[in-house]
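One letter stands for each residue in the lines below.
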Amino acid sequence: MTLKFVVMSDLHLVREGEVSMTLDTAARLEAAVEAVNARYADADFCVLAGDLADLGEAEAYGRLKTIISQLKIPVHITLGNHDDRPVFLEAFGAEYAGETGKVDKVIDLKGYRIIILDSSEPGRVDGVLEAAQIDWLTVRLAEAMDRPVIVILHHNANALHIESDSIRMLEPDAFIAALKTHPDIRQVIAGHVHLTSTAMYRGLPFTTLAGGHYSISFNVDQPGVPFKRLVGPGQMAVVVGTEDRTTVLFEDFIDGNDVIDVAE
Ligand SMILES: [Fe+2]
């Protein structure tokens, strides 16, 4: 029994005919959908981890709906700082809001619990998990003490020694404390930073994926040095879970490598 799912993040869709940071983000999402249908059609589901729309526009959510309707696997969604929750819920339906009022969700599948958290907060670029969400998370974890858990949200809780550390999750302590109530947190996966990273932070494993929009060059602990925005890679994560192992693989669906040959 192997759990397999795809995480996409930072789609930054705009209105028809517009680009974001010079990039046709809808075409990039279409490339991602094509890659999933070609190679991961056997996955259990796909999670969109926020920053779905660059400016939170209704038309962008409409385009998102159209493009992801082509996916051959189910889709679960949460929001990021570029999103507009009321506009999203209007486009997708009020049922996307969880009991916390935010776009939170639990999925139980193949021996795992997957918890999706909405860390977006109107008017803020950094991430917020409200007290009600921390309470909700704590209860959802308590229900699943016998299973491994994977958490997915938009904002990274851990600082990465880069410029955007100032806009990560605002106060991660309560989040970390809640996670620490569970004995088997396999991964905490975020987007937001437009950069691939893995870290162990306070005894927990954290990962970020570069996502579908531009990615960034980074300067480790050099906050004054300007970072560059880069065209590639256009990246999704593929998570594979068995009882004893949880693996995160990264699929660069735009700036892939040239093929030398195909191994026999
Ligand atoms: Fe983003």
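Everything that follows concerns the structure shown earlier in this document.
Residues numbered from 1 in each chain as written. Predicted model: local features only at pLDDT ≥ 70, side-chain atom pairs only at ≥ 80, totals over all residues. Heavy atoms only, no water.

S.K.: Just to check I follow, could you spell out the coordination of the iron ion for this structure?
M.R.: For a metal with four donors in a tetrahedral arrangement, the ideal angle between donors is 109.5 degrees, while six donors in an octahedron ideally sit at 90 or 180 degrees. On the protein side, the iron ion has Asp10 (OD), His12 (NE2), Asp51 (OD) and His194 (NE2) as donor atoms, found 2.0 to 2.3 Å from it. The site at the iron ion holds four donor atoms, and with the angles between them running 88 to 173°, its shape is irregular. By relative accessible area, which is 4% here, His194 ends up buried. (Donors = N, O, S within 2.8 Å, 3.2 Å for Na, K, Ca; no water. Tetrahedral: all angles 85-135°; square planar, octahedral: opposite > 155°, others 65-115°. Buried < 20%, exposed > 50% of the residue type's maximum accessible area, 1.4 Å probe, protein only.)

S.K.: When you look at the pattern of salt bridges in this model, what are you seeing that I'm missing?
M.R.: Oppositely charged side chains may form a pair once their charged atoms are brought near each other. Applying the stated criterion to the full structure yields 17 salt bridges. Glu251 is the salt-bridge partner of Arg39, the closest N and O atoms lying 2.7 Å from each other. Taken together, the positions of Arg39 in helix α1 (residues 25-39) and Glu251 in strand β13 (residues 246-252) put the pair 212 residues apart, joining distant regions of the chain. In this structure Glu251 comes out as buried when scored by relative accessible area, which is 11%. The residue Asp146 makes a salt bridge to Arg147 at a minimum N-O spacing of 3.1 Å. Salt bridges sharing partners connect three or more residues here, namely Glu99, Asp108, Arg113, Arg140, Glu143, Asp146 and Arg147. (Salt bridge = Lys/Arg side-chain N within 4 Å of Asp/Glu carboxyl O. Helix = DSSP H or I, 4+ residues; strand = E, 2+ residues; numbered from the N terminus.)

S.K.: Explanation requested: the layout of surface pockets in the structure shown.
M.R.: Over the atoms, a rolling probe the size of a water molecule traces out where space has been left empty. If you add up the space inside the largest pocket, you get close to 270 Å³. Along the walls of the largest pocket sit 15 residues, with Ser164, Ile167, His192, His194 and Tyr214 positioned nearest its centre. Partitioning the lining of the largest pocket into residue classes produces six nonpolar, six polar and three charged. (1 Å grid on protein atoms, 1.4 Å probe; cavity = no way out; pocket = protein on both sides within 12 Å on 5 of 7 lines; lining within 4 Å. Points joined across faces, edges and corners; volume = space filled by probe spheres on them. Nonpolar A, V, L, I, M, F, W, Y, C, P; charged D, E, K, R; others polar.)

S.K.: Sorry if this is basic, but what is going on with the sheet that holds strand β1 (residues 3-8) here?
M.R.: Working definition: the strands of a sheet are paired by backbone hydrogen bonds and lie parallel or antiparallel to each other. The five strands lie next to each other as β3-β2-β1-β12-β13, forming an open sheet whose pairing is mixed. With one partner strand each, in any of the chains shown, β3 (75-78) and β13 form the two edges of the open sheet. In this sheet, adjacent strand axes meet at a mean angle of 20° when their direction is disregarded. Of the strand pairs in this sheet, strand β2 (residues 45-49) and β3 are connected by four bridges, and their pairing is parallel. Its bridge partner being in β3, Val47 is matched across the sheet by His76. (Pairing = 2+ DSSP bridges. Axes fitted to C-alpha atoms, helices over the stretch in contact; angles between N-to-C directions.)

S.K.: Which parts of the structure should I look at to understand the sheet that holds strand β5 (residues 112-117)?
M.R.: On the basis of which strands lie adjacent, the open sheet formed by six strands has the order β4-β5-β6-β7-β9-β8 and mixed pairing. Every other strand in the sheet has two partners, leaving β4 (105-109) and β8 (197-201) as the edge strands with one partner each. If you compare each strand with its neighbour and ignore which way they point, the axes differ by 20° on average. Where β8 lies against strand β9 (residues 204-208), five bridges are found, and the strand directions are antiparallel. Residue Thr198 lies in a different strand from β9, and its bridge partner there is Thr207. Contacts from helix α4 (residues 131-142) reach β4, β5, β6 (149-153) and β7 (185-190), with the element oriented near 175° to β5. (Contact = heavy atoms within 4.5 Å.)

S.K.: Would you explain the pairing of β1 in this entry?
M.R.: Look at any regular strand and the pattern is simple: side chains alternate between the two faces of the sheet. In terms of residue burial, β1 counts as a mostly covered element, since five of its six residues are buried. Judged from the five bridges that link them, β1 and strand β12 (residues 235-241) form a sheet pairing that is antiparallel. Note on β12: the bridge partner recorded for Phe5 is Val239. The handedness of the β1 to β2 crossover, carried by α1, is right-handed. (Right-handed = clockwise from strand over helix to strand, strands pointing away.)

S.K.: I tried to follow the environment of Ala41 on my own but got confused; where do I start?
M.R.: Assignment of secondary structure puts Ala41 in the loop between α1 and β2. Along the backbone, Ala41 and Lys72 are 31 residues apart, and their C-alpha atoms lie at a distance of 6.0 Å.

S.K.: Just to check I follow, could you spell out the nonpolar core for this structure?
M.R.: Inside soluble globular proteins, nonpolar side chains tend to come together where they are buried. In this structure, Met8, Leu29, Leu48, Leu52, Leu64, Ile68 and Phe88 are the most contacted members of the largest nonpolar core, which totals 33 residues. Of all elements in the fold, only β1, α1, β2, α2 (58-68), β3, α3 (85-92) and β12 reach the threshold of two or more residues within this core. Top element by residues in this core is α1. It accounts for six residues. Within the second largest apolar cluster, 23 residues are counted, among which are Leu117, Leu141, Ala178 and Leu204. (Core = buried A, V, L, I, M, F, W, Y, C linked by side-chain atoms within 4.5 Å.)

S.K.: Is there a simple way to think about empty space enclosed by the protein in this case?
M.R.: Under the defined criterion, the tally for this structure stands at three cavities of 30 Å³ or more. Lining of the largest cavity is provided by 13 residues; of these, Ser9, Leu11, Ala32, Gly212 and Phe253 occupy positions nearest its centre. Secondary structure elements with two or more residues in the lining of the largest cavity: α1 and β12. A per-element tally of the lining of the largest cavity places α1 first, with four residues. Broken down by class, the residue content of the lining of the largest cavity amounts to six nonpolar, six polar and one charged. Quantified by volume, the second largest cavity comes out at close to 50 Å³. In the lining of the second largest cavity, the residues fall into five nonpolar, four polar and one charged.

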